[in-house]
Amino acid sequence: MSDGAKNAFYSGLQQNLSTLREQGLFKPERVLASRQGAVVESEDGRTLINMCANNYLGLSGDLETQKAAEAALQKYGYGLSSVRFICGTQTVHKELERKLSEFLGTEDTILYAAAFDANGGVFEPLFDENDAIISDALNHASIIDGIRLCKAARYRYANNDMADLEAQLQAATAAGKRHKVIVTDGAFSMDGTIAQLDKICDLADKYGALTLIDESHASGFMGATGRGTHEHCGVMGRIDIITGTLGKALGGAMGGFTSGRKEVIETLRQKSRPYLFSNTLAPMIAGASLSVLDRISKSTELRDRLHENTAYFRKEIERIGFTIKPGTHPVVPVMLFDAPVAQKFAARMFELGVLLSGFFYPVVPMGQARVRVQLSAAHTREQLDTVLKAFEQAGRELGILKNN
Ligand SMILES: *Cc1c(COP(=O)(O)O)cnc(C)c1O
């Protein structure tokens, strides 16, 4: 490249970044000076109640989790410098895979460095141009990318729309596709909606389709014993493939998994590219994840506290006069509709000591701007009351409360 061509490359990037800033779409990073938790400290020394982490069970900054990681660090060392199939598998990895299978009610499980990798590597080894993938329109970016890496025909159905799902199943059947697989997030992270897995399983049976769910916003806390949305919807044992993360409720460090029938998992071990060509999960994360699974298998205390907090917050925020998307999930979208209002609101809440994130187009549809609250088992009632008071104050200042 001549200097001129190189300069054009860099100035092009600068221009694109300026455009993002002008449009208010630039995402700055908040820098924390403390561990993750219900309360965090920002780098300027301010203390904030944190309402925007995926720390559903409050285990991210938790001492017991940390101690389990430390014990595994002592025993297994820092890392392995190897992919799993060369010399990157330790007993702790096999133990975690067994424990996850038991927890999810499946035959076998394969670990990845992230759920992004699990989704990136699940489709291409299992499906080809003879097959059809029928995917919810709001599925996570990693599912969309994973489907792109695979040669199967793609069918998209409107979010949570069972009539459209059936129409797409009919279209795939009419096209003579060999295997069909319905793919959905178990819980959708922007709306807190839960997929209608009972109806999805019925449709799958009717059309001879497989089912795959991504449980990243569900594993550890949805369902009576926290197994996930398949437990919540009463379809445990009817889902073929489950993907999920260790980086949200289940400890919050990183790591992902795919779980299902033995022959599926064995095929992925042989052929899934993010597994074959990327380093093994650090043993301390595997060790900490084991302790998390132990803890939530023995008691539903954290899960129960999370749902109590969620029910309380959902009830109180509506009483104050805010509009939320109805539901039971700890993701609570507080609807502000207008993008600049959502931005102003989140900024004001920050001044009032509450950390939250505002979302607007293109992350959510036009006119659906919101702040997203995420409850945690770690929140105390007192902290939630402080947050609710701040909501009321900011809402009154901006004139957006329904009752006033
Ligand atoms: C967060 C998330 C992922 C990615 O998880 P990582 O382990 O952080 O890569 C994948 N799918 C869904 C639905 C998610 O919410």
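Everything discussed here concerns the structure shown above.
Note that the coordinates shown come from a computational prediction; the quantities given were computed from them, not determined experimentally.

Novice: Help me out: how do you make sense of the site of the ligand in this one?
Specialist: Around the ligand sit 13 residues in total, of which Ala115, Asp214, His217, Thr245 and Lys248 are the nearest. Separating an oxygen atom of the ligand from a side-chain N or O atom of Lys248 is a distance of 2.5 Å. Alone, the ligand offers 380 Å² of accessible surface; in the complex the protein occludes 83% of this. Considering every element that reaches the shell around the ligand, the biggest residue donor is helix α5 (residues 115-120), with three residues.

Novice: I'm lost on the sheet that holds strand β11 (residues 331-337) in this one. Help?
Specialist: Neighbouring strands of a sheet are bound in pairs by backbone hydrogen bonds; such pairs are parallel or else antiparallel. Ordered in space as β10-β11-β14-β13, the four strands form an open sheet in which the pairing is antiparallel. Edge positions in the sheet fall to β10 (323-324) and β13 (357-359), since each of these pairs with one other strand and no more. Pairing geometry for β11 and strand β14 (residues 369-374), over six bridges, is antiparallel. If you follow Val331 over to β14, its bridge partner there is Gln374. Against the sheet, helix α14 (residues 339-351) touches β11, β13 and β14, its axis set at about 35° to β14.

Novice: Hey, could you run me through the environment of Ala71 in this one?
Specialist: Within the element layout of this structure, Ala71 appears in helix α2 (residues 63-76). For Ala71, a relative accessible area of 47% corresponds to the partly exposed category. Ala71 sits 213 residues away from Met284 along the chain, and the two C-alpha atoms are 7.6 Å apart.

Novice: Is there a simple way to think about the packing of α14 against helix α15 (residues 381-397) in this case?
Specialist: Interaxial distance between α14 and α15 falls to 10 Å at its minimum, and their mutual angle equals 130°. With respect to α15, the axis of α14 lies oblique. In terms of crossing hand, the pair formed by α14 and α15 is right-handed. Contacts between α14 and α15 involve Phe345, Arg348 and Met349 from the first element and Val387, Ala390, Phe391, Gln393, Ala394, Gly395 and Glu397 from the second. Here the contact of α14 with α15 is built from residues that sort into six nonpolar, two polar and two charged.

Novice: Teacher, can you tell me more about the nonpolar core here?
Specialist: Grouped burial of nonpolar side chains is what soluble globular proteins tend to show. By size, the foremost hydrophobic cluster in this structure holds 83 residues, and its most contacted members are Met51, Leu165, Phe313, Phe322, Val334, Val373 and Phe391. Beyond its immediate stretch of four places on either side in the chain, Val334 contacts Ile317, Phe322, Thr323, Ile324, Arg370, Val371, Val373 and Phe391. In this structure, Tyr112, Val181, Leu212 and Val264 belong to the second largest nonpolar core, which totals 19 residues.

Novice: Mind showing me how you'd approach α2 here?
Specialist: Three or four residues apart is the spacing at which side chains of an α-helix point the same way, because the helix has 3.6 residues per turn. If you check α2, its first and last C-alpha atoms are 20 Å apart, about what 14 residues at 1.5 Å a residue would give, namely 20 Å. Those residues of α2 that sit buried are Thr65, Ala68, Ala69, Ala72 and Tyr76. Buried residues along α2 cover an arc of 100° about the axis, so they all sit on one side. α2 presents Lys67 and Gln74 as exposed residues on the side facing more than 90 degrees away from its buried surface. At its buried positions, α2 is contacted by α4 (91-104) and α12 (283-298). Just downstream of α2, Gly77 is the residue with a positive phi angle, here 85°.

Novice: Can you walk me through the pairing of strand β3 (residues 108-112) in this structure?
Specialist: Put simply, side chains in a regular strand alternate between the two faces of the sheet. The buried count for β3 comes to four of five residues, which makes it a mostly enclosed element. Pairing of β3 with strand β9 (residues 256-260) involves five bridges; the strand directions are antiparallel. Counted as the bridge partner of Tyr112 is Gly256 from β9.

Novice: It is not clear to me how helix α10 (residues 262-271) should be interpreted in this structure. Could you clarify?
Specialist: The set of residues buried in α10 consists of Val264, Ile265, Leu268 and Arg269. For α10, the arc enclosing every buried residue in end-on projection is 135°, short of the 170-degree limit, so these residues lie on one face. More than 90 degrees from the buried face of α10, the exposed residues found are Glu266, Gln270 and Lys271. Looking at the buried residues of α10, the elements they touch are α3 (84-87), α4, β3, β8 (241-245), β9 and α11 (273-276).

Novice: Can you walk me through the pattern of salt bridges in this structure?
Specialist: Pairs can form between side chains of opposite charge once their charged atoms are near each other. Enumeration over the complete set of coordinates arrives at 23 salt bridges. Arg303 is the salt-bridge partner of Asp304, the closest N and O atoms lying 2.9 Å from each other. On the basis of relative accessibility, which here comes to 29%, the residue Asp304 falls in the partly exposed class. The exposure class assigned to Arg303 is buried, which follows from its relative accessible area of 18%. In this structure, Arg319 and Glu316 form a salt bridge, with 2.8 Å as the shortest nitrogen-oxygen distance. With Arg319 and Glu316 both in helix α13 (residues 301-320) and three residues apart, this pair spans about one turn of that helix.

Novice: Quick question: what am I supposed to make of the pairing of strand β5 (residues 153-157) here?
Specialist: Relative to β5, strand β4 (residues 132-136) runs parallel, the two being bridged by five bridges. What sits directly across from Ser135, in β5, is Arg156. In this view, the connection linking β4 to its parallel neighbour β5 by way of helix α6 (residues 141-148) has right-handed handedness.

Novice: Is there a simple way to explain the packing of aromatic side chains in this structure?
Specialist: Aromatic rings considered in pairs are described by the distance between their centres and by the relative angle of their planes. Inspection of the entire model under this criterion finds seven aromatic pairs. Measuring from ring centre to ring centre gives 5.8 Å for Phe322 and Phe345, while their planes differ by 75°; the resulting arrangement is edge-to-face. You can see Phe322 sitting in the loop between α13 and β10 and its partner Phe345 sitting in helix α14, a full 23 residues away along the chain. Classification of Phe322 as buried rests on a relative accessible area of 1%. Residue class for Phe345 comes out buried when judged on its relative accessible area of 0%. For the pair Phe322 and Phe391, a centre-to-centre distance of 5.4 Å together with 85° between the ring planes defines the contact as edge-to-face. Residue Phe322 is found in the loop between α13 and β10, and its partner Phe391 is found in helix α15; the two are separated by 69 residues along the sequence. Summarising the burial analysis for this pair, Phe322 and Phe391 share the class buried. Three or more aromatic residues joined by ring pairs make a cluster, and in this case those are Phe313, Phe322, Phe345 and Phe391. The lysine or arginine in question, Arg46, covers the ring of Phe350, its NZ or CZ lying 5.0 Å from the ring centre. We note Arg381 situated over the ring of Tyr312; from NZ or CZ to the ring centre the distance is 3.7 Å.

The rules behind the values
- Residues numbered from 1 in each chain as written.
- Predicted model: local features only at pLDDT ≥ 70, side-chain atom pairs only at ≥ 80, totals over all residues.
- Heavy atoms only, no water.
- Near = heavy atom within 4 Å.
- Polar contact = N/O pair within 3.5 Å; in protein donor to acceptor, adjacent residues only side chain to side chain.
- Areas by Shrake-Rupley, 256 points an atom, 1.4 Å probe, with all protein chains shown as cover.
- Helix = DSSP H or I, 4+ residues; strand = E, 2+ residues; numbered from the N terminus.
- Pairing = 2+ DSSP bridges.
- Contact = heavy atoms within 4.5 Å.
- Axes fitted to C-alpha atoms, helices over the stretch in contact; angles between N-to-C directions.
- Buried < 20%, exposed > 50% of the residue type's maximum accessible area, 1.4 Å probe, protein only.
- Parallel < 35°, antiparallel > 145°, perpendicular 65-115°, else oblique.
- Left-handed = near helix turned anticlockwise from the far one by under 90°.
- Nonpolar A, V, L, I, M, F, W, Y, C, P; charged D, E, K, R; others polar.
- Core = buried A, V, L, I, M, F, W, Y, C linked by side-chain atoms within 4.5 Å.
- Expected span 1.5 Å × (residues − 1).
- Arc of directions from axis to C-beta.
- Salt bridge = Lys/Arg side-chain N within 4 Å of Asp/Glu carboxyl O.
- Right-handed = clockwise from strand over helix to strand, strands pointing away.
- Phe/Tyr/Trp six-rings, centres within 6.5 Å; stacked < 30°, edge-to-face > 60°.
- Lys NZ or Arg CZ within 6 Å of the ring centre and 35° of its normal.

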